[in-house]
Amino acid sequence: PGGANLRHLALPGANPGTWSFEFKRFPKHAWETSLEALRTGKIQTAPIISHRLPLEKTLDAVKLMAEHSEPFYKILINPALDRA
């Protein structure tokens with residue numbers, strides 16, 4: 001639902017349908033550098049977001065990831081979609 005056509009999306013080194021909650025230390029100023037790269041378009045996120053869901057569908061997103069009921073790369077939970 002609301003996703004990209006994953007049959008044509010090939011990301012080097014990507015393992016479709018996996019998820020993790022690893023937290024590692026970031027180098028100093030990594031967040032600022034990352035946000036600037038996003039803001040200026042140096043990093044493109046649209047190709048890796050396969051699903052965009054409202055906050056009320058968070059449980060559905062978790063089930064999709066746990067059960068692998070359909071292909072996914074990244075799932076974006078956007079509370080603003082609840083108001084749309």
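Residues numbered from 1 in each chain as written. Predicted model: local features only at pLDDT ≥ 70, side-chain atom pairs only at ≥ 80, totals over all residues. Heavy atoms only, no water.

Enquirer: I keep staring at the nonpolar core and nothing clicks. Help me out?
Expert: Looking at soluble globular proteins, one finds that nonpolar side chains tend to be buried together. Core analysis: the biggest nonpolar cluster contains 6 residues, these being L53, A61, L64, M65, F72 and I75. Examining the composition of this core, we find that 3 residues originate from one element, helix α2 (residues 58–67), more than from any other. Setting aside residues up to four positions removed in sequence, L64 forms contacts with H51, S69, E70, F72 and I75. (Core = buried A, V, L, I, M, F, W, Y, C linked by side-chain atoms within 4.5 Å. Buried < 20%, exposed > 50% of the residue type's maximum accessible area, 1.4 Å probe, protein only. Helix = DSSP H or I, 4+ residues; strand = E, 2+ residues; numbered from the N terminus. Contact = heavy atoms within 4.5 Å.)

Enquirer: Is there a simple way to explain the environment of T33 in this structure?
Expert: Along the chain, the position of T33 falls in helix α1 (residues 30–40). Among the polar contacts made by the side chain of T33, one reaches the main-chain carbonyl oxygen of H29 at a distance of 2.9 Å. (Polar contact = N/O pair within 3.5 Å; in protein donor to acceptor, adjacent residues only side chain to side chain.)

Enquirer: Can you walk me through the pairing of strand β2 (residues 74–77) in this structure?
Expert: Pairing of strand β1 (residues 49–53) with β2 involves 4 bridges; the strand directions are parallel. Considered in β2, the bridge of R52 is made with L76. Remark: the β1/α2/β2 crossover connection has right-handed handedness. (Pairing = 2+ DSSP bridges. Right-handed = clockwise from strand over helix to strand, strands pointing away.)

Enquirer: How should the environment of I77 be read in this particular structure?
Expert: If you trace the backbone, I77 turns up in strand β2. Assessed through its relative accessible area of 29%, I77 is described here as partly exposed. Here the alpha-carbon distance between I77 and T58, two residues 19 residues apart in the chain, equals 6.7 Å. Setting aside its immediate chain neighbours within four residues, I77 contacts L53, P54, L55, T58 and A61.

Enquirer: Got a minute to help me understand the side chain of S50 in this structure?
Expert: Mapped onto the elements of the fold, S50 is located in strand β1. A polar side-chain atom of S50 sits 2.9 Å from the main-chain amide nitrogen of Y73.

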